[in-house]
Amino acid sequence: MLALALLVLFTFSGKQGFAAAASREQSSGQPVVPFALEELRPGMKGIGKTVAKGTAIEEFHVEVLGVLHGEQNVSQLILVQVSGDVIERMGGIASGMSGSPVYIDGKLLGAISYTFSLTDHRLGLVTPIEPMLEIMDYDKKQTAWQPPVGRWTWADGGGERRLVGDYPVEEIHIAWGNNAQDLVSYDGGRLSITPAAAPLLVGGMGPRARKELADSLQAFGIETVAAAGSAGALAVENVRLEPGSALAVQLVTGDVQVTSLGTVTYVDGNQFVGFGHPFLNRGGVNLMAGTAYIYTTVNSLSMPFKLGAPMETVGTVTQDRGAGVGGYVGKLPDTMDLLVKVTDRNLGTTKELQAEIANEPGLLLSLVSTAALQGLDQGIDRIGPGTSRIIFKITGDGLSGPIVRDNMFYNSLDVSAVSLAELLETLQLLVNNEFQEVKLDSLEITAQVEQERRTAVIEKATPTVSEAHAGDLVDVEVVIRPYRGQRETKILRLPIPETAQPGAIHVTVRGGGLGYPYSELVPFHDDAKEEGDPLDFESVGPPSNADSFEKLLETILKREKNHEIVMEYIPYYDTYVLPPAEESEPVAETEAEDAESASAEDEADRIGSIRSGTGVSWSQDETEPVRVTLPTRYVIEGQTTFEIAIAAGDGTEELVDDGEGEIEGENDEHRFRQGLHPVE
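Residues numbered from 1 in each chain as written. Predicted model: local features only at pLDDT ≥ 70, side-chain atom pairs only at ≥ 80, totals over all residues. Heavy atoms only, no water.

1. Let's talk about the overall build of the chain
Right, on to step 1. Across its full length, the chain carries 11 helices and 36 strands.
Right, on to step 2. Evaluated residue by residue, the chain yields a buried proportion of 51% over its 680 residues.
Right, on to step 3. Taking all contacts inside the chain whose residues are at least 6 apart in sequence as the whole, residues at least 24 apart take part in 71%.
Right, on to step 4. For the chain, the computed accessible surface area is about 30,400 Å², with 47% contributed by carbon and sulfur atoms. (Helix = DSSP H or I, 4+ residues; strand = E, 2+ residues; numbered from the N terminus. Buried < 20%, exposed > 50% of the residue type's maximum accessible area, 1.4 Å probe, protein only. Contact = heavy atoms within 4.5 Å. Areas by Shrake-Rupley, 256 points an atom, 1.4 Å probe, with all protein chains shown as cover.)

2. Regarding the side chain of threonine 253
Right, on to step 1. Take threonine 253: it is sitting in strand β15 (residues 246–254).
Right, on to step 2. Once residues lying within four places of it in the same chain are set aside, the contact partners of threonine 253 are Met288, Thr313, Gln354, Ala355 and Glu356.

3. Description of the packing of helix α4 (residues 207–216) against helix α5 (residues 364–380)
Right, on to step 1. Remark: α4 packs on α5, axes separated minimally by 9 Å, with the N-to-C direction vectors making an angle of 170 degrees. The orientation of α4 relative to α5 falls into the category roughly antiparallel. Facing α4, whose interface residues are Arg208, Ala209, Glu212, Leu213 and Ser216, α5 presents Ser366, Leu367, Thr370, Leu373, Gln374 and Asp377.
Right, on to step 2. For the contact of α4 with α5, the residue count by class is 4 nonpolar, 4 polar and 3 charged. (Axes fitted to C-alpha atoms, helices over the stretch in contact; angles between N-to-C directions. Parallel < 35°, antiparallel > 145°, perpendicular 65-115°, else oblique. Nonpolar A, V, L, I, M, F, W, Y, C, P; charged D, E, K, R; others polar.)

4. Concerning the packing of aromatic side chains
Right, on to step 1. For the structure on display, the rule yields 2 aromatic pairs.
Right, on to step 2. The side chain of lysine 331 reaches across the aromatic face of tyrosine 328, ending 5.3 Å from its centre.
Right, on to step 3. One cation-aromatic arrangement involves arginine 453 over tyrosine 483; the distance from NZ or CZ to the ring centre is 4.5 Å. (Phe/Tyr/Trp six-rings, centres within 6.5 Å; stacked < 30°, edge-to-face > 60°. Lys NZ or Arg CZ within 6 Å of the ring centre and 35° of its normal.)

5. Notes on the sheet that holds strand β32 (residues 626–631)
Right, on to step 1. Reading across from one edge, β27-β34-β30-β31-β32 is the order of the 5 strands in this open sheet, with mixed pairing throughout. The outermost strands of the open sheet, each flanked by one partner alone, are β27 (467–468) and β32. (Pairing = 2+ DSSP bridges.)

6. Section: unusual backbone geometry
Right, on to step 1. The phi dihedral of asparagine 281 falls on the positive side, at around 60 degrees, and the residue is not glycine.
Right, on to step 2. Among the structural elements, asparagine 281 can be located in the loop between β17 (271–274) and β18 (283–298).
Right, on to step 3. Judged by relative accessible area, asparagine 281 falls into the partly exposed class, the value being 30%.
Right, on to step 4. Of note in this structure, aspartate 381 is not a glycine but carries a positive phi near 55 degrees.
Right, on to step 5. Checked against the element boundaries, aspartate 381 lands in the loop between α5 and β23 (386–397).
Right, on to step 6. Looking at aspartate 381, the relative accessible area reads 61%, which means it is exposed.

7. A closer look at the pattern of salt bridges
Right, on to step 1. Inspection of every chain in the model, using the stated rule, returns 25 salt bridges.
Right, on to step 2. One network of salt bridges, with partners in common, ties together Arg510, Glu560, Glu568 and Arg627. (Salt bridge = Lys/Arg side-chain N within 4 Å of Asp/Glu carboxyl O.)

8. Regarding a negative patch on the surface
Right, on to step 1. On the surface, a cluster of negative charge is made up of Glu38, Glu39, Glu130, Glu134 and Asp137.
Right, on to step 2. Relative to the helices and strands, aspartate 137 resides in the loop between α3 (129–134) and β7 (150–154). (Patch = residues over 30% accessible without salt bridge, like charges linked within 9 Å, V, L, I, M, F, W, Y side chains within 5 Å. Lys, Arg positive; Asp, Glu negative; His and termini not counted. Charge placed at Lys NZ, Arg CZ, Asp CG, Glu CD.)

9. Quick notes on the nonpolar core
Right, on to step 1. One finds Phe279, Ile394 and Leu443 to be the most contacted residues of the largest nonpolar core, which totals 70 residues.
Right, on to step 2. Counting residues per element, this core draws most heavily on α5, which supplies 9 residues.
Right, on to step 3. By size, the runner-up hydrophobic cluster in this structure holds 27 residues, among which are Val509, Val626, Tyr634 and Ile646. (Core = buried A, V, L, I, M, F, W, Y, C linked by side-chain atoms within 4.5 Å.)

10. Structural notes on helix α9 (residues 549–557)
Right, on to step 1. Listed in full, the buried residues belonging to α9 are Phe549, Leu552, Leu553 and Ile556. Around the axis of α9, the buried residues are gathered within 100 degrees of arc, so they sit on the same side.
Right, on to step 2. Looking at the buried residues of α9, the elements they touch are β24 (403–411) and α7 (421–431). (Arc of directions from axis to C-beta.)

11. A look at the pairing of strand β6 (residues 123–128)
Right, on to step 1. With 6 of 6 residues buried, β6 lies mostly within the body of the structure.
Right, on to step 2. In β6, alternate side chains face the same way, and those of Leu123, Leu125 and Thr127 on one face and Gly124, Val126 and Pro128 on the other are all buried.
Right, on to step 3. The pairing of strand β3 (residues 76–83) with β6 spans 4 bridges and is classified as antiparallel. Note on β6: the bridge partner recorded for leucine 79 is leucine 125.
Right, on to step 4. Two strands pair when backbone bridges link them, and strand β5 (residues 107–115) and β6 are joined in this way by 5 bridges, in the antiparallel orientation. Following the sheet pairing, glycine 110 is matched in β6 by proline 128.

12. So, the environment of glycine 110
Right, on to step 1. Note that glycine 110 resides in strand β5.
Right, on to step 2. Here glycine 110 falls in the buried class, since its relative accessible area comes to 0%.
Right, on to step 3. Put simply, glycine 110 and glutamate 130 are 20 residues apart on the chain and 7.8 Å apart in space, counted from C-alpha to C-alpha.
Right, on to step 4. Beyond its immediate chain neighbours, meaning those up to four positions away, glycine 110 contacts Ser100, Pro101, Val102, Val126, Thr127, Pro128, Ile129 and Thr265.

13. Structural notes on the sheet that holds strand β28 (residues 473–482)
Right, on to step 1. Read from one edge of the open sheet, 4 strands run β29-β28-β26-β33, paired in mixed fashion. Among the strands making up the open sheet, the edge pair consists of β29 (488–495) and β33 (635–637). Within this sheet the neighbouring strands show an average axis-to-axis angle of 40 degrees, counted without direction.
Right, on to step 2. The pairing of strand β26 (residues 455–463) with β28 spans 7 bridges and is antiparallel. If you follow proline 463 over to β28, its bridge partner there is valine 476.

14. So, the packing of α5 against α7
Right, on to step 1. Two elements in contact, α5 and α7, have axes whose closest approach is 11 Å; the angle formed by their N-to-C orientations is 160 degrees. As the angle between them shows, α5 and α7 are arranged roughly antiparallel. Seen from above, α5 lies across α7 with right-handed handedness. Each of Leu364, Leu365, Val368 and Ser369 in α5 lies in contact with α7, whose residues at this interface are Leu424, Leu427, Gln428 and Val431.
Right, on to step 2. Looking at the contact of α5 with α7, its residues break down into 6 nonpolar, 2 polar and no charged. (Left-handed = near helix turned anticlockwise from the far one by under 90°.)

15. Some thoughts on the environment of threonine 629
Right, on to step 1. Tracing the backbone through its elements, the reader meets threonine 629 in strand β32.
Right, on to step 2. Separated by 117 residues in sequence, threonine 629 and glycine 512 place their C-alpha atoms 8.2 Å apart.
Right, on to step 3. Contacts of threonine 629, omitting those with residues within four sequence positions, involve Glu564, Ile565 and Val566.

16. Regarding the pairing of β18
Right, on to step 1. Direction of pairing for β15 relative to β18: antiparallel, over a ladder of 4 bridges. Counterpart to glutamine 250 in the pairing with β18 is methionine 288.
Right, on to step 2. Bridging between β18 and strand β19 (residues 305–321) involves 13 bridges; their strand directions are antiparallel. If you follow methionine 288 over to β19, its bridge partner there is threonine 316.

17. Brief notes about the confidence of the model for the chain
Right, on to step 1. Taken over all residues, the pLDDT of the chain has a mean of 77, while the share at 70 or more is 67%.
Right, on to step 2. Within the chain, the element-level pLDDT minimum falls on helix α1 (residues 2–8), averaging 31, and the maximum on strand β21 (residues 335–344), averaging 98.
Right, on to step 3. In this model residues 573–621 is a low-confidence stretch, pLDDT under 50, and it forms 53 contacts with partners more than four residues away in sequence or in other chains.
Right, on to step 4. Counting interchain partners and residues more than four positions distant, the pLDDT-below-50 stretch residues 653–680 has 35 contacts. (pLDDT = per-residue confidence, 0-100.)

So this is what it looks like as structure tokens:
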């Protein structure tokens, strides 16, 4: 409270008179003339430009209070005080003003970039124009000016304390990212400051999707605020990016909007720079740049902020550096088209969500997941249990063809969230694969959702024979019990390989959903997330041991499905090879039980390895498991096992006539088990 009280008292005394100064218009035909910092003196006056409402650029007054120097030789920053009618209407320097150009004697000094929270909002810092102009020459391999975090002191006075208004200030501390939450402090002449960055304006998203987006961007220290969608319907004419105009940096456009607002500082031909501080500080980027309409400026005790919306995408932000953002007008970025079409089978309604998402690695999965979640949520207009059928189609450069998956999901708490699990896993595999770059073009999601529970439990599986030979096909009766329904029997045909060795095989029958390698990745409902640790889709490792991109695609396309019955076993495992009876030695009952228990544990470990996609070698020949699947109209739950013996020989022993019309042979019992009768 003491710190807050001191900051509230941090005001300037007396009236500050400002003389109007003319500024030189910047255009593509007239290069910028920077104001030399060595000529800058406290008390110098100039003007700044910004948009307070609509699209009209207005001027405000600026007075230089001093120059600050950072510890890490990143550049210099200029402490200023602003005034004028537009400043009074906005309540001081507002979030979204970052990038507002400041001119002295017609020369461009730099851009408004930082301001103080919970104190005199007329105080701020200006980023000099020189490091901002360097952004125009950066490519993705260059190292840019870093964010000016840390301790800043007076450039011409060392550790000297100076009165800023009536308050002694020795140094200013700039925080960034998560540290920006603890900004309002004063201690022994040290004052903290924050970037004048506008909160991330999110339109078209409900509270849940917006919260998920905020959690995924938490590391960047960006606040999200619910806002209106696109302002394109206002049809404001002759709006272009020019010094002082509102600049929209867009992550998502369409029915869903995710936008940060700032101001253009300088334009040279088709290049522009703005903000004066980083957006996300990601270096070389691929983001949408657009014009914006400012509805109003919200006068907040913490810090005023501009509330607006993008109008039209006119270019690309290609650099996100410590001194600001930069890009090109007329060059549109690579984006991914998203279409979510949801049919609620209970209501008989179909709703669509369309969006264009910045194809930016590291952000794409978070943006897609939250936009898709919003599409599903609004499609059924509820959050709760149900069964869904999800078909998604992914296209992109680097893919041999579209990736299409058709699967069913059920969840007793949140069907929308769980329905996205496989999609997000697939996107993660593609975007972060180690083999080649994949640039996604489009994602189409078609969902049919109903509130009823469409699940079935596997009760038992019984082979029609207890013994089989290599090369046989064994019918297996699988009994499933639908939720609150009558039992159903499904027939799966189990192949015995020609090379199968004599012995016993243990067969597992289960639902396809049990084979998901990312069973712990349940989006939006992770326990750790509830404790404030958001699930990071970008860093999750791939669930495949594929050694080529082609095999990776094959893994994706051939993955099991939740509505399938899966029957599988390992045909060549030495543990189950039965030794000849005459060579066997008696085994104590307890030893036999231990061996049986160990075999069961081994089998469980092997089946678990199959499901996790770890690529365990089952023998020296790396035998693949034998697997049979059968699709159903239910999400299959549970599992069971059975054992079947593989007999020696191929089951084609010669039959002998006993002279009485009866056929005898060692294989009669086998033929009977297969449903065949002795030949008469």
